[in-house]
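# Overview (structure and organization)
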Amino acid sequence: MNRDLALGGATLAIAIAYYLLSAQIPESQLADAVGPQGLPRVYAYILGALSLALIGSAIRGSGLGARDSKEPSNPESRVPSPGLKILRPLGVVAIGVIYIVVVPWLGYIVSLAGLIAATTYYQGGGFSRRVVIVALSGALLFWGLFVAILGIQHPAGIWPSLF
Amino acid sequence: MLILESLWSTWIVPAAFGGVAWGILGGALPGISPSITMALLLPLTYGMDPTVAIVMLASTYVGAEYGGSIPAILIRTPGTNAAAATVVDGYAMKQQGRAGEALGISLYSGFVGGLFGLAMLVLLAEPLSNVALAFTPQAYFALGVLGLSVIASLSRESLIKGLIAGVLGLMISTIGTDPVTGTSRFTFDSPDLLSGIPPILVMVGLFAIGEMLAQTGEPSLQDVPERPRIRFPGPAMWRRIALPQLIGSVIGTMEGVMPGGGGAVSSFLAYNEARRWSRHKEEFGKGSPEGIAAPEAANNTVACTALVPMLSLGIPSSNSAAVLLGGFLLHGLLPGPMLFVQNPDVVDGLFLGLFVANIAMVIVGYLIMGPCIWLVSRPKPYLMAFIYALVVSGVFAIEASEFHVAVALAFGVLGYVMRSAGVPLLPMVLGVVLGFLVESNYRRALVLSGGDHMIFIQDRLAAVLLSLALIFIVGSLYRHAIETRPKPRA
């Protein structure tokens with residue numbers, strides 16, 4: 001119930017924020033009968049109403065949300081274990097964020113090798129010569145696939161300017 | 001004999017095989033859409049014989065539509081928008097150690113759908129092209145609403161949460177430039193948001209990164225014993241998936257000929273209808289073969305029927321068809337009614353090439369499946385690292401933007417939170433995919449009618465589609481009410 005209550009509260013806040021933002025969309029000289037704010041406002045109303053329904057359902061512990069209290073049978077609905085396990089995924093996100101920050105400077109191959117090595121280590125693969133070789137080989141493989149074969153340019157980083 | 005002669009005397013067969021292999025590669029890479037895969041190939045076809053070039057491009061489309069299902073099943077990452085519906089049951093089967101079976105069903109259903117679509121293309125190109133002409137903005141709006149009506153039945157765990165996810169998806173689709181006035185909405189003055197958020201970013205984030213985050217906090221799911229071999233369905237399975245394949249093929253035929261419909265809408269509708277007509281409804285979402293057969297048949301049918309309006313009217317019904325149209329123009333061919341009169345050899349060659357492409361899809365697909373299954377059976381730390389590398393590389397490739405990688409990461413976190421809160425993911429994907437179609441056509445229709453909503457009832461096609469949507473919604477609500485009704489004590 002608490003989970004649904006928190007979810008309902010969060011989506012209600014989103015509905016309010018979205019409505020306020022939609023109110024700031026400037027009027028256009030070309031505006032039609034509905035206008036660029038029209039449907040966003042409708043979506044905000046619907047989300048607000050659904051959020052209140054979820055909150056009400058969570059408080060009552062019955063009605064349309066009653067099935068939520070049961071163990072979810074859908075594999076998408078796996079609930080993470082409590083405690084620090086919930087925080088562990090943040091490390092994966094941090095690796096991705098670091099990749100985004102360093103890739104313009106270090107370039108695609110080095111940054112991707114770093115991402116592969118860091119993720120392998122973080123997921124319990126340890127840090128060894130094998131991990132380094134796999135990371136470098138993997139980065140070269142992806143470079144070959146995306147850059148050499150498909151012709152999609154990824155950041156080269158500082159390397160071209162050094163030579 | 002003449003057909004066989006023309007097959008072997010030209011480069012049609014190698015072109016079809018090469019196109020399919022290239023298409024499967026592109027389709028299997030998240031971020032590389034079928035249209036991008038075809039566009040990358042376009043310059044290479046410049047010096048080719050026109051028929052061979054067109055066959056190669058069309059075969060790439062066939063391969064890409066199929067290729068999207070491979071990562072959807074193996075690593076929960078839809079390679080294309082149309083493969084999103086395959087994720088649910090495909091990945092569930094993979095988790096049960098049935099990846100080979102899931103891939104076999106996907107390949108077989110894609111083959112059946114492809115042949116069905118080809119037959120429709122050859123036999124009904126002219127009458128089907130009239131369907132495309134009947135589509136007005138109000139009919140497109142109704143089509144989008146019909147697609148959204150699936151949300152109610154995709155939200156079996158919790159109707160309210162499913163609807164919330166769907167509305168959030170619609171909200172995400174409003175980010176960017178307004179489709180009618182060109183006004184910026186919810187962009188926070190960021191040029192990166194002006195063109196909106198591509199649906200593939202949402203899918204990759206919610207499914208692939210969300211799954212990685214979920215597995216990080218969980219014990220390894222890779223300990224499930226897996227036979228690294230593809231397994232084609234036997235006679236019993238043929239019978240079981242025949243109806244979902246038929247459903248998918250019929251829906252794919254209709255969606256393919258409608259400009260803007262596309263594989264994603266047909267996949268979701270086919271998935272929903274397959275569940276409605278299934279004797280094993282309870283298996284959907286938990287690894288149902290029918291849940292793979294219907295969307296795969298649908299999106300592979302679309303790969304052929306999307307060529308109907310392009311060939312007969314010169315109207316491209318999707319981005320991929322637009323690239324193919326570019327291929328025709330590049331070789332001095334003008335699609336439209338006169339194409340069948342002036343260049344019958346090209347049209348016949350294309351039909352032959354598509355037939356070969358569907359066979360090539362089975363052969364190439366079979367050959368690459370073993371290595372694919374072996375790859376995803378590697379130890380979890382390495383597998384996670386390579387999925388992450390694939391995702392960041394593929395997402396960057398969409399518009400060469402690190403911002404997109406950050407957006408995909410953000411959706412990964414959102415996907416993780418949504419799973420933790422028991423919110424289904426598919427309704428959000430559906431909202432994002434259909435939001436633009438619904439809003440832009442709703443407003444265009446009202447511009448045409450001067451703001452009169454009766455236009456949606458007066459247009460017969462729109463009225464029929466809206467009525468169907470209403471029936472679907474009421475049916476789903478009724479079923480939900482029955483299922484959630486407290487049972488009397490014995």
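The preceding data block contains the structure.
Residues numbered from 1 in each chain as written. Chains lettered and ligands numbered in written order. Predicted model: local features only at pLDDT ≥ 70, side-chain atom pairs only at ≥ 80, totals over all residues. Heavy atoms only, no water.

Counting secondary structure elements, chain B contains 23 helices and two strands. Counted over contacts in chain B with a minimum sequence separation of 6, partners at least 24 positions apart contribute 78%. When the accessible area of chain B is evaluated, it comes to approximately 17000 Å², of which 68% is carbon and sulfur surface. (Helix = DSSP H or I, 4+ residues; strand = E, 2+ residues; numbered from the N terminus. Contact = heavy atoms within 4.5 Å. Areas by Shrake-Rupley, 256 points an atom, 1.4 Å probe, with all protein chains shown as cover.)

Our next topic: a nonpolar patch on the surface. All names here are of chain A. A grouping of Val 97, Val 101, Trp 105, Leu 106, Val 110, Ile 158 and Trp 159 is seen on the molecular surface, where their side chains present a nonpolar patch of about 610 Å² in accessible area. Top element by residues in the nonpolar patch is helix H3 (residues 88–106). It accounts for four residues. Structurally, Val 101 can be placed in helix H3. For Val 101, a relative accessible area of 47% gives the class partly exposed. (Patch = residues over 30% accessible without salt bridge, like charges linked within 9 Å, V, L, I, M, F, W, Y side chains within 5 Å. Salt bridge = Lys/Arg side-chain N within 4 Å of Asp/Glu carboxyl O. Buried < 20%, exposed > 50% of the residue type's maximum accessible area, 1.4 Å probe, protein only.)

Residue and element names in this part refer to chain B. The backbone of Asp 189 sits at a positive phi, close to 60°, despite the residue not being glycine. Looking at the secondary structure, you find Asp 189 in the loop between strand E2 (184–185) and helix H11 (199–216). Of note in the backbone geometry, Ala 400 takes a positive phi value of approximately 50° without being a glycine. For Ala 400, the location among the structural elements is in the loop between helix H19 (380–399) and helix H20 (402–420).

Glancing now at H3 of chain A. With 19 residues, H3 of chain A should reach 27 Å at 1.5 Å per residue; the first-to-last C-alpha distance of 26 Å fits that figure. Of all the bends in H3 of chain A, the greatest, near 30°, is centred on Ile 100 of chain A, and the proline Pro 104 of chain A appears no more than four residues after it. Where H3 of chain A is buried, its residues contact helix H4 (108–125) of chain A together with H11, H19 and H20 of chain B. Downstream of H3 of chain A by one or two residues, Gly 107 of chain A has phi in the positive range, about 85°. (Expected span 1.5 Å × (residues − 1). Bend = angle between axes of the 7 residues up to and from the residue.)

This paragraph deals with the pattern of salt bridges. Residue and element names in this part refer to chain B. On inspection of all chains with the given rule, the structure shows eleven salt bridges over all chains. The partner of Arg 443 in a salt bridge is Asp 178, and the shortest N-O contact between them spans 2.4 Å. Placement of the pair is Arg 443 in helix H21 (residues 426–449) and Asp 178 in the loop between strand E1 (176–177) and E2, with a sequence separation of 265 residues. For Arg 276, the salt bridge identified is with Glu 273, shortest N-O distance 2.9 Å. With Arg 276 and Glu 273 both in helix H13 (residues 262–277) and three residues apart, the pair spans about one turn of that helix. Among the residues examined, Arg 276 registers a relative accessible area of 22% and is labelled partly exposed. A cluster of three or more residues bridged by salt bridges with shared partners is formed by Asp 178, Arg 185, Glu 439 and Arg 443.

Let's shift gears to the packing of aromatic side chains. Within the structure shown, the criterion is met by ten aromatic pairs over all chains. Plain terms: the ring middles of Tyr 18 of chain A and Phe 186 of chain B are 4.6 Å apart, the flat faces sit at 15° to each other, and that makes the pair stacked. Remark: Phe 186 of chain B occurs in the loop between E2 and H11 and Tyr 18 of chain A occurs in helix H1 (residues 2–23); the pair is interchain, linking two chains. A relative accessible area of 8% means that Tyr 18 of chain A is categorised as buried. Since its relative accessible area comes to 10%, Phe 186 of chain B is described here as buried. An angle of 50° between the planes, with centres 4.8 Å apart, marks the rings of Phe 141 of chain B and Phe 456 of chain B as tilted. Remark: Phe 456 of chain B occurs in helix H22 (residues 455–458) and Phe 141 of chain B occurs in helix H8 (residues 137–148); sequence separation between them is 315 residues. Residue classification places Phe 141 of chain B among the buried positions, given a relative accessible area of 13%. Aromatic ring contacts, followed pair by pair, group Phe 142 and Phe 146 of chain A together with Phe 386 of chain B into a single cluster. (Phe/Tyr/Trp six-rings, centres within 6.5 Å; stacked < 30°, edge-to-face > 60°.)

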